[in-house]
Structure formats: structure tokens, C-alpha cells
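Residue-level listing of the chains:
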Amino acid sequence: MDLKNMETRLKELEKEVSNLKDLEAIYRLQKIYGFYLEHWMYEDIIDIFSDSPDTVLDLTYGVFHGKEGVRKYFSGMLEMTQLKDFLHQMMQLSGVVDVNADGKTASGRWYGFGVVVMPRRNGYFQVLASGIYTCEYIKEEGKWKIFKLMWNPIYNAPNVSIARADKPQVTMSRENSLVTNPPKFDEPRKLNTQYPTGYIVPFHFKHPVTGKQSTDARRNAAREKDKK
């Protein structure tokens, strides 16, 4: 191998190593987000998100824009989430992450699965929950952060029993809420991903063998057509 080819190969190897380091950093970031979420460690969660005004937090509760929107949501739930019997254990599972060619942005997809226990005025709201996170990431000053996070719930199974038995299980009604001044979303969530809609949360990646786009868009379009 001549010198020119060696230099080319060296650059390719450097890029591959850099990509692997970026992937590991993003996997670590997302998993740590899940650990912080379990006990609603809101200061730590907020710092995981990008400082960009284009940052998005898209939840069933509503859509929040910018770092201040993220702060508004997570800090706005403290009356309930700081109680010792609050639990939001959502495991970050089966992650698929791809770093874009620019080396500064990336996309990811994760299953979220776990148990949520929310203390209410008259008891507990408890649910076994599963859904899909779709995320975009951005590297700011050498550190990866979450740029856009969308939670797409698939199902909620209520009436799990992990809280104290001396308080009843109750619904998620606003009247039962311990949050007296809930955060105001910037826009309502429009998309319904809950079972049994059959909606397939779009894949950011292509088929790993054929290199073709997956069939999620075609199947979603067919279901929309069937509704009409």
C-alpha cells in the first residue's frame, strides 16, 4: 500500500472510531435520561436537552418548544413528582441510533417500558406502560444532547399493584391531581399512536439488508385510507 492509500485508510479509520465514540455517547445519554426520569430529577433532565430554541419535547401531555419549554414541563410537575411515593420507571430498551454524515446530528429509536405511580389526592394512579421514543440528537461544544424527543405511547395497563395497599387506585382525573398549577403546553399533541390504532411509528433508518426504506409509510397510509 502506497503512502497516499495509507493516508486515505487512516482517515477512514479515524472516522470510524469517531463514529463509534459518538454512538456510545448517545446510547449513554439516552439511558441516563431514563434513570433520571425514574425519580423526576428535573435539574439533571433539563441539562440533557439542547440549548437550541428549536428543541422539542413532544408528549401525550402536549408539545413544548425550546429549552425553556423543556424546563417549564419538568419543573412544573414538582408538587407531585417530589413526593417519595412517586415513581416513573421507564426503561430505555432496544435502541437503534444512527449518526448523520455531518457528525453533529443523529437519530434514535427506543422502546420505553415500565411502571408509573402517581400519588393523587384520593389514592394512586398506577399503570404499566409501553411506547416508543423517537429522538434527534445534536452535538454542542463537543457534547451530545437531546434535540427532539417524542414519546409515542402504545399501551397503558392500569391497576398494577405496587404502591401501598391502604390507598385506593384512582383515575388520572384533573380533580385528583396534586399539581395545582400544571405547566401549559405550547401546542396540543395531535398524533394518536395508542393500540389498537395500528399506527406504526416511522423508522428513521432504512432496511439493514436491502438498504430500502421500510414499509411503515405505506402501511400507515393504507390504514388511513381504510378509515375513510
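Note: the structure precedes this text.
Notes on the structure follow.

### Focus on the overall build of the chain
For step 1, the next point in the chain: Counting its secondary structure elements, the chain contains 5 helices and 6 strands.
For step 2, the next point in the chain: Of the regular secondary structure in the chain, the N- to C-terminal order runs α-α-β-β-α-α-β-β-β-β-α.
For step 3, the next point in the chain: Across the chain, contacts joining residues at least 24 apart in sequence account for 64% of those joining residues at least 6 apart.
For step 4, the next point in the chain: For the chain, the exposed surface amounts to about 13800 Å²; the carbon and sulfur share of it is 55%.
For step 5, the next point in the chain: Positive and negative charge centroids in the chain, built from 33 and 29 side chains respectively, lie 5 Å apart.

### Thoughts on the sheet that holds strand 5 (residues 123-140)
For step 1, the next point in the chain: Strand order across the open sheet formed by 6 strands is 2-1-6-5-4-3, with mixed pairing between neighbours. In the strand order of this sheet, the two ends are held by strand 2 (62-65) and strand 3 (87-99), each with one partner. Within the sheet, the average angular offset between the axes of one strand and its neighbour, ignoring direction, is 15°.
For step 2, the next point in the chain: One ladder, built from 14 bridges, connects strand 5 with strand 6 (residues 143-158); its direction is antiparallel. By the bridge assignment for strand 6, Ser130 is matched with Tyr155.
For step 3, the next point in the chain: The sheet strands contacting helix 1 (residues 3-38) are strand 3, strand 4 (105-120), strand 5 and strand 6, and the helix crosses strand 3 at an angle near 165°.
For step 4, the next point in the chain: Docked against the sheet, helix 3 (residues 66-75) engages strand 1 (56-59) and strand 2, running at close to 135° with respect to strand 2.

### Regarding the environment of Gln169
For step 1, the next point in the chain: Locating Gln169 in the fold gives a position in the loop between strand 6 and helix 5 (216-227).
For step 2, the next point in the chain: Residue classification places Gln169 among the partly exposed positions, given a relative accessible area of 30%.
For step 3, the next point in the chain: Remark: the alpha-carbon pair of Gln169 and Val127, spanning 42 residues in sequence, is separated by 9.9 Å.
For step 4, the next point in the chain: Aside from chain neighbours lying at most four places away, what touches Gln169 is Tyr124, Gln126, Asn159, Val160 and Ser161.

### Here we look at unusual backbone geometry
For step 1, the next point in the chain: In the segment running from Tyr195 into Pro196, the intervening peptide bond is cis, with an omega of 10°.
For step 2, the next point in the chain: Here Pro196 shows up in the loop between strand 6 and helix 5.
For step 3, the next point in the chain: The backbone phi angle of Trp40 is positive, close to 50°, even though this residue is not glycine.
For step 4, the next point in the chain: Structurally, Trp40 is set in the loop between helix 1 and helix 2 (42-48).
For step 5, the next point in the chain: Backbone geometry at Glu141 places phi at a positive 50°, although glycine is not the residue there.
For step 6, the next point in the chain: Overall, Glu141 belongs to the exposed group, its relative accessible area being 83%.

### Description of helix 3
For step 1, the next point in the chain: Listed in full, the buried residues belonging to helix 3 are Gly66, Lys67, Gly69, Val70, Tyr73 and Phe74.
For step 2, the next point in the chain: Where helix 3 is buried, its residues contact helix 1, helix 2, strand 1, strand 2 and helix 4 (78-81).

### Regarding the pairing of strand 1
For step 1, the next point in the chain: Burial along strand 1 is two-sided: Val56 and Asp58 and Leu57 and Leu59, pointing in opposite directions, are all buried.
For step 2, the next point in the chain: Direction of pairing for strand 1 relative to strand 2: antiparallel, over a ladder of 4 bridges. Along strand 2, the bridge assignment pairs Asp58 with Val63.
For step 3, the next point in the chain: If you look at the hairpin formed by strand 1 and strand 2, you'll find 2 residues sitting between the two strands.

Analysis parameters
- Position numbers for residues start from 1 in each chain and track the written sequence from start to end.
- Owing to the predicted nature of the model, reporting of local features is limited to residues with pLDDT of at least 70; listing and counting of side-chain atom pairs is limited to 80 or more, with chain, interface and lining totals taken over all residues.
- Only hydrogens and water are removed before side-chain values are computed, so all heavy atoms of the structure are retained for them.
- Going along the chain from the N terminus, every DSSP run of H or I of four or more residues is numbered as a helix, and every run of E of two or more is numbered as a strand.
- We call two residues contacting when some pair of their heavy atoms lies within 4.5 Å.
- In short, Shrake-Rupley with a 1.4 Å probe defines the accessible areas, and a residue's cover is counted only from the protein chains shown.
- Only four residue types enter the charge count: Lys and Arg as positive, Asp and Glu as negative, with His and the chain ends excluded.
- Charged groups are reduced to one reference atom each: NZ for lysine, CZ for arginine, CG for aspartic acid, CD for glutamic acid.
- Think of it this way: DSSP has to see at least two bridges between two strands before they count as a pair.
- A fitted line through C-alpha atoms represents every axis, and for helices the fit uses only the stretch in contact; the resulting angles, taken between N-to-C directions, go from 0 to 180 degrees.
- Partly exposed residues are those whose accessible area sits between 20% and 50% of the maximum for their type, while under 20% is buried and over 50% is exposed, using a 1.4 Å probe and protein chains only.

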